[in-house]
Amino acid sequence: MIFEALFRAYAHSTLGQALRRSTWTFAIVEVVHLLALAVLGGVVLVTVAAALGLGRARRPVAATVLGLRPVFLGGLVTLLVSGALLVGTNPMKYYFNDAFRAKMLLLVLALAATFWLAQQAGHARERGPLVALRIAAAVSLILWVGVALGGRLIGLL
Amino acid sequence: MSLLFDLCRSIYDTPLATGIRESEVAFPVIETLHVLGLALMTGTIAIVDLRLLGWVFPDEPASDIADQLLPATWAGFAVMAASGLLLFGAEAEKLYSNPAFRLKLVLLILAAANMLAFHFTVYRRVAIWGRARKTPRGARIAAALSLALWAGVIASGRMIAYFHGRAA
């Protein structure tokens, strides 16, 4: 399968070999991953709350989405890069880890739901009913919590 | 042995702490709650700090952003404090001498002191500067310190596990 070939190539690459040998890389990259999690999680929670009419209730949801977009993207890129480096310390271990597989699937779904939420927030300015916006918000929140739980489980499996 | 160590040992020996330590599920579950609460508390703190630095929501009053997010920050704090105390109790005797844990406590105290200092000085005059894009220098310094100190709290918290073997 293409994914297995990719993970195997990563394990044999110069970067993969260097990551595997280094003692403190994992600890440092893990801390960066955790810091970005706090930031991205905060952004998601504030955005979802705004879409559900909590917290920033008097502001248009689109203002929250647009205002936090740079922070969301910064947090996401940091998480993806640090996450890829963590995988590099032992790619095949992650490839065969069920929690890691579930996390990657949930991540794709969470990103899609967040994109949908941002789209609905843009529409909310013109239209009255907010049902789609609220569903998008609730689904995003559940999926992002799933991503976090999947990540926590990787080490326990 | 010191009074603090005796206190840690007494907490460590309580039935609740022993129960958490000896359960296979309790510790990881509480730890997971501790990490989820992290986003609620420090994530919202970071957004307020970024507004004070003028990097997000520059057109909205800083006091509005703080008022909107503060309830979430306090809810996150409640989760962090409750789960943190339970995790501490379960490992109190080992944590007493853990350098990462000691550093985390010092950074927590500094983060709280920074918050109080900001609240009782610059923030008292927020009615004057709250609407401005550019906040006073004191507010920007407090925000930068807050980001650095909370990042330090998270980093040292994660490092606790790496120093566990060496506990005396």
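To be clear, the structure that these remarks concern was listed above.
For clarity, every value in this text was computed on a predicted model and none was experimentally measured. (Residues numbered from 1 in each chain as written. Chains lettered and ligands numbered in written order. Predicted model: local features only at pLDDT ≥ 70, side-chain atom pairs only at ≥ 80, totals over all residues. Heavy atoms only, no water.)

## A word on the overall build of chain B
For step 1, the next point in the chain: Secondary structure assignment for chain B yields 7 helices and 0 strands.
For step 2, the next point in the chain: Order of helices (α) and strands (β) in chain B, N terminus to C terminus: α-α-α-α-α-α-α.
For step 3, the next point in the chain: On the principal axes, the C-alpha backbone points of chain B span a range of 55 × 30 × 25 Å.
For step 4, the next point in the chain: Considering chain B as a whole, with its 168 residues, one finds that 45% of them fall into the buried category.
For step 5, the next point in the chain: Expressed as a percentage of contacts within chain B between residues at least 6 apart in sequence, the contacts between residues at least 24 apart total 77%. (Helix = DSSP H or I, 4+ residues; strand = E, 2+ residues; numbered from the N terminus. Buried < 20%, exposed > 50% of the residue type's maximum accessible area, 1.4 Å probe, protein only. Contact = heavy atoms within 4.5 Å.)

## Structural notes on helix 7 (residues 137-159) of chain B
For step 1, the next point in the chain: Along its 23 residues, helix 7 of chain B runs 33 Å from first to last C-alpha, staying within 8% of the 33 Å computed at 1.5 Å per residue.
For step 2, the next point in the chain: Every buried residue of helix 7 of chain B is listed here: A139, A142, A143, S146, L149, W150, G152, V153, I154, S156 and M159 of chain B. (Expected span 1.5 Å × (residues − 1).)

## Section: helix 2 (residues 15-22) of chain B
Residues and elements named next belong to chain B.
For step 1, the next point in the chain: What helix 2 keeps buried is the set A17, T18 and I20. All buried residues of helix 2 lie within an arc of 160° about the axis, which places them on one face of the element. Seen from the buried face of helix 2, the exposed residues on the opposite side, beyond 90 degrees, are P15, L16 and E22.
For step 2, the next point in the chain: The secondary structure elements touched by the buried residues of helix 2 are helix 1 (3-12), helix 3 (26-52) and helix 4 (62-95). (Arc of directions from axis to C-beta.)

## Looking at the environment of K103 of chain A
Residues and elements named next belong to chain A.
For step 1, the next point in the chain: If you trace the backbone, K103 turns up in helix 6 (residues 98-124).
For step 2, the next point in the chain: Each C-alpha atom of the pair K103 and V147 lies 5.1 Å from the other, and the pair is 44 residues apart in sequence.
For step 3, the next point in the chain: Sequence-distant contacts of K103, defined by excluding residues within four places in its chain, comprise H33, V147, G150, G151 and I154.

## Description of the interface of chain B and chain A
For step 1, the next point in the chain: Counting residues at the interface gives 25 residues for chain B, matched by 26 residues for chain A.
For step 2, the next point in the chain: Summing both sides of the interface, chain B and chain A together bury roughly 2200 Å²; the carbon and sulfur share of this comes to 77%.
For step 3, the next point in the chain: Three residues stand out in chain B for area buried against chain A, namely F57, Q68 and Y162 of chain B, and they jointly supply 21% of the buried area on that side.
For step 4, the next point in the chain: In this structure, the connection of chain B to chain A is made through 4 salt bridges.
For step 5, the next point in the chain: For the salt bridge of E60 of chain B with R56 of chain A, the shortest nitrogen-to-oxygen distance reads 2.8 Å.
For step 6, the next point in the chain: Listing elements by their share of the side of chain B that touches chain A, those giving two or more residues are helix 3, helix 4 and helix 7 of chain B.
For step 7, the next point in the chain: Looking at the side of chain B that touches chain A residue by residue, the class counts come to 17 nonpolar, 5 polar and 3 charged. (Buried area = accessible area lost by both parts, 1.4 Å probe. Salt bridge = Lys/Arg side-chain N within 4 Å of Asp/Glu carboxyl O. Nonpolar A, V, L, I, M, F, W, Y, C, P; charged D, E, K, R; others polar.)

## Observations concerning the nonpolar core
For step 1, the next point in the chain: Membership of the largest hydrophobic core comes to 44 residues, with the highest contact counts inside it found for W144 of chain A together with I47, L52, F118 and W129 of chain B.
For step 2, the next point in the chain: Of all the secondary structure elements, the ones that give two or more residues to this core are helix 3 (25-51), helix 4 (61-88), helix 6 and helix 7 (131-154) of chain A together with helix 3, helix 4, helix 6 (126-129) and helix 7 of chain B.
For step 3, the next point in the chain: Other than its neighbours up to four places away in sequence, L52 of chain B contacts A62, F118, W129, T135, A139, R140 and A143 of chain B. (Core = buried A, V, L, I, M, F, W, Y, C linked by side-chain atoms within 4.5 Å.)

## Describing a nonpolar patch on the surface
For step 1, the next point in the chain: Together, V145 and L149 of chain A together with V25, V29, L33, L36 and V79 of chain B make up an exposed nonpolar region whose accessible area comes to about 500 Å².
For step 2, the next point in the chain: When residues of the nonpolar patch are traced back to their parent elements, those giving at least two are helix 7 of chain A together with helix 3 of chain B.
For step 3, the next point in the chain: The dominant element in the nonpolar patch, judged by the number of residues it contributes, is helix 3 of chain B, at 3 residues.
For step 4, the next point in the chain: By secondary structure assignment, the location of V79 of chain B is in helix 4. (Patch = residues over 30% accessible without salt bridge, like charges linked within 9 Å, V, L, I, M, F, W, Y side chains within 5 Å. Areas by Shrake-Rupley, 256 points an atom, 1.4 Å probe, with all protein chains shown as cover.)

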